[in-house]
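Close look at the chain arrangement
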Amino acid sequence: MGKMEVERLISKKLQLKRKAEHLKFDLMRQFDSQVLEFMDSLIEESASLEPAPVPAVFSPPLSDKERSKLRHLQGSSQGQGKQFVFRRSLLDELFEVNHIRTIYHMFIALLILFILSTLVVDFIDEGRLVLDFDLLVYVFGQFPLVVITWICMFLSVLVVPYSLFHTWASHYHESRHGTLWSLLLGALFLLYQGLGLGFLPTFVVVKNSFPPASCFIIILEQVRLMMKAHSYIRENVPKVLALAKDKSSSSPVSPLIPQLSHYIYFLFAPTLIYRDKYPRNPIIRWSYVASKLLQVLGCLFYAYYVFVRLCIPQFRSISQQLFDLRAMVLCVFNSILPGVLVLFLAFFAFLHCWLNAFAEMLRFADRMFYKDWWNSTSFANYYRTWNVVVHDWLYYYVYCDFLWMSKKRFRAAGMLLVFTMSAVVHEYILAICFGFFYPVLFCLFMCFGMMFNFILHDRRKGPIWNVIMWTALFLGQGVIICLYSQEWYAQRYCPLQEPSFLELLKPRSWSCHLQTNPAVDS
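Worth saying up front: this structure is predicted, and the values here are computed from it rather than measured.

Turning our eyes to something else, we now look at the overall build of the chain. What the chain contains, in helices and strands, is 18 helices and zero strands. In the chain, buried positions account for 40% of the 522 residues. Long-range pairs, those at least 24 residues apart, make up 78% of the contacts in the chain between residues at least 6 apart in sequence. Total accessible area computed for the chain in this model is approximately 30,400 Å², and 68% of it derives from carbon and sulfur atoms.

Another point: the packing of helix 12 (residues 336-361) against helix 17 (residues 463-493). Think of two packed helices as two axes; the pair is described by the angle between the axes and how far apart they sit. Orientation of helix 12 relative to helix 17, taken along the N-to-C sense of each, is 105°, at an axis distance of 8 Å. As summarised for this structure, helix 12 and helix 17 are arranged roughly perpendicular, according to the angle between their axes. Side by side, helix 12 and helix 17 meet where Ile 336, Gly 339, Val 340, Leu 343 and Phe 344 of the first sit next to Trp 470, Leu 473, Phe 474, Leu 475, Gln 477, Gly 478 and Ile 481 of the second. For the contact of helix 12 with helix 17, the class distribution of residues is nine nonpolar, three polar and no charged.

What follows is about the UniProt feature "active site" (unreviewed entry) in the chain. Residues given the UniProt feature "active site" (unreviewed entry) here are His 426. Residue position: His 426 is located in helix 15 (residues 411-434). On the basis of relative accessible area, His 426 is assigned to the partly exposed category, the value being 35%. Polar contacts involving the side chain of His 426 include one to the main-chain carbonyl oxygen of Ser 422, which spans 2.7 Å.

For the rest of this paragraph, the subject is the packing of aromatic side chains. For any two aromatic rings, the description comes down to two numbers: the centre-to-centre distance and the angle of the planes. Scanning the model with the defined rule gives 46 aromatic pairs in all. Judged by centre distance (5.0 Å) and plane angle (75°), the rings of Tyr 304 and Tyr 305 are edge-to-face. On the accessibility criterion, Tyr 304 (10% relative accessible area) is buried. Judged by its relative accessible area of 7%, Tyr 305 falls in the buried class. The ring of Phe 84 carries Lys 82 above its face, with NZ or CZ at 5.3 Å from the centroid. The cationic tip of Lys 228 hangs over the ring face of Phe 266; the distance from NZ or CZ to the ring centre is 4.2 Å.

What follows is about the confidence of the model for the chain. When pLDDT is averaged across the chain, the result is 80; 78% of the residues are at 70 or more. This model gives residues 42-79 a pLDDT under 50, and the stretch forms 37 contacts once residues within four places in sequence are excluded. The model gives residues 515-522 a pLDDT under 50, and that stretch makes 17 contacts with residues more than four places away or in other chains.

By the definition in use, this model includes 10 salt bridges. In this structure, the salt-bridge partner of Lys 82 is Asp 392, at a minimum N-O distance of 3.0 Å. Here Asp 392 lies in helix 14 (residues 388-405) and Lys 82 lies in the loop between helix 2 (64-78) and helix 3 (90-94), a separation of 310 residues in the sequence. You'll find Lys 82 and Asp 392 in the same group, each marked buried. Here the residues in one salt-bridge network are Arg 285, Glu 360 and Arg 367, joined through shared partners.

What follows deals with a negative patch on the surface. A grouping of Asp 125, Glu 126, Asp 132 and Asp 134 is seen on the molecular surface, where their side chains present a negatively charged patch. Along the polypeptide, Asp 125 turns up in helix 4 (residues 98-126).

There is a patch of nonpolar side chains on the surface, built from Ile 103, Met 106, Phe 107, Ile 108, Leu 110, Ile 112, Leu 113 and Leu 116 and spanning about 700 Å² of accessible area. Among the secondary structure elements, Ile 112 is positioned in helix 4. On the basis of relative accessibility, which here comes to 46%, the residue Ile 112 falls in the partly exposed class.

Here the focus is the state of the cysteines. Considering all chains together, one arrives at one disulfide under this definition. Each disulfide pairs two cysteine sulfurs, and for Cys 331 the partner residue is Cys 482, the sulfurs being separated by 2.1 Å. Residues Cys 331 and Cys 482 are joined by a disulfide whose S-S torsion is about 125°; by sign, that bridge is right-handed. Here Cys 331 is found in helix 11 (residues 325-334), whereas its partner Cys 482 is found in helix 17, with 151 residues between them in sequence. An identical accessibility class is assigned to Cys 331 and Cys 482; each is buried.

Cut-offs and rules
- Residues take numbers from 1 onward in each chain, read along the sequence in its written order.
- At least 70 in pLDDT is required for a residue's local features to be given in this predicted model, at least 80 for side-chain atom pairs to be given and counted, and no such filter applies to totals for whole chains, interfaces and linings, which use all residues.
- Only hydrogens and water are set aside; all other atoms, that is, all heavy atoms of the structure, feed into the side-chain values.
- Secondary structure follows DSSP: runs of H or I at least 4 residues long count as helices, runs of E at least 2 residues long count as strands, and numbering of each begins at the N terminus.
- Classification of residues uses two cut-offs on accessible area relative to the type maximum, computed with a 1.4 Å probe and protein chains only: under 20% is buried, over 50% is exposed, and between them is partly exposed.
- Whether two residues are in contact is decided by their heavy atoms: any pair within 4.5 Å suffices.
- Accessible areas in this description were obtained via Shrake-Rupley with a 1.4 Å probe; residue shielding takes into account the shown protein chains only.
- Note on geometry: axes are C-alpha line fits, over the in-contact stretch for helices, and angles between N-to-C directions span 0 to 180 degrees.
- By definition in this entry, angles of less than 35 degrees are roughly parallel, angles greater than 145 are roughly antiparallel, angles of 65 to 115 are roughly perpendicular, and the rest are oblique.
- Three classes are used, and their members are as follows: Ala, Val, Leu, Ile, Met, Phe, Trp, Tyr, Cys and Pro are nonpolar, Asp, Glu, Lys and Arg are charged, and the others, Gly among them, are polar.
- UniProt positions are given in the numbering used here, feature names are shortened, and annotations may be inferred rather than shown by experiment.
- A 3.5 Å cut-off defines polar contacts: any pair of N or O atoms within that distance qualifies, except that in protein one atom must be a possible hydrogen donor and the other a possible acceptor, and neighbouring residues in sequence count only when both atoms are side-chain atoms.
- Each aromatic pair joins two rings of Phe, Tyr and Trp (for Trp, the six-membered one) with centres within 6.5 Å, and gets the label stacked for planes under 30 degrees apart, edge-to-face for over 60, and tilted for any other angle.
- In this scheme, Lys NZ or Arg CZ marks a charge over a ring once it lies within 6 Å of the ring centre and within 35 degrees of the ring normal.
- A score between 0 and 100, pLDDT records how confident the predictor is in each residue.
- Any carboxyl oxygen of Asp or Glu within 4 Å of a side-chain nitrogen of Lys or Arg constitutes a salt bridge here.
- Residues enter a patch when their relative accessible area is above 30% and they make no salt bridge; the linking distance is 9 Å between like charges and 5 Å between nonpolar side chains (Val, Leu, Ile, Met, Phe, Trp, Tyr).
- This count recognises Lys and Arg as positive and Asp and Glu as negative, with His and chain-terminal groups excluded.
- In this description, the location of a charge corresponds to atom NZ of lysine, CZ of arginine, CG of aspartate or CD of glutamate.
- Any two cysteine sulfur atoms lying within 2.5 Å of each other are counted as a disulfide.

And the structure:
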């Protein structure tokens, strides 16, 4: 009897302990959610506070009534949009924790091992240390022409959108045919976007056969400048239209036209949402800028060794073999590791280091270029947090504007429009830069991306859904690296003489299995 009572007492203690653990977990979760809600509301309230008016250098002084009217017009066009506040990048905060910084050190150690393995293999094969970087020299080829092309693109974006808006805003109130005036200058702006920024840089890239990295520089800058030009026009036109609707207002239109310095700052700022002013830090930490640029350079060499050690040796041989299911499965799983490393390197080099370096040089204070996408338990949350800079542009200028035009009746269609635009632009970038059309990324976006967005939605919580998200992400990276690498080598092993349009659309890797020595190694 005594033994049974002891066992019953132990069982009750264990039950009480489990209940206490569940209670502790629930309390902590409620506390975390309340703290997050409080911090979000605090940030929103601080962002909504109107800063003290700063007089423009070249603008005439305004009366109190005119200042009030101007604040009203600016608030009507920007108050419902993105709010910029003082925020650090998440990784900068996490790297202050020793446990998280150790993971960063592990990646550095892996880079050292890649370098050592390459040097040892080259020493065994060649009998000497080989320190050439032929692959980097190749992918960044024709760099002087790249610089010239970028300068022309930037100068055109600096002059054309600003001049068109300045001309339109200055004469819109005076013109008796405001609608025709708006249609004319709007058509000129769209013509510039399509021809000046859309066609001409692409023509230069294709005509001169830019190598991949040089091509990525021009095409990514092309897309970035087009998005910035659209944001500048989209944010400022409503203010002029709102002033024109107020017939009783005698306020001048000149304060509504941004200063050229504001526009130039926006073109370099790490955001795609235009504002006349952004929160600014008081000083520039040049040591921080130097460290971020060195990390970008380190990531570049890291990617070089990933391709040299993990990709090129595999795809040189597999690209000449017969295309079958077994080879495809092995290729995908062998490509997961380099695919994941390339994903991490692209995120860390661009979204963290590159954007933070420019933000620091410009004293740009809102550093939320990404969120904790690695904790996502749904693909819907992953899409929102992976690249906040692009997501904000798509959300405000595609999704929200579509809902406004449809009077908020077709939310699913708006989401589909965002996915389609993102997929088309991504595929356009890869097709131009790789020199072939192989819509792998488009299919992953539109098929699996859309499906996972609805299946793995925000109501999915718990660690298992984070595991599923990572598993799908790893497989997707393996598929992308495998298929695009196979097609890259197939295009060089099996070139077509005067191909037809249908032959250009058919992937060359499906039929290229010649047992010959490759003439091109990279």
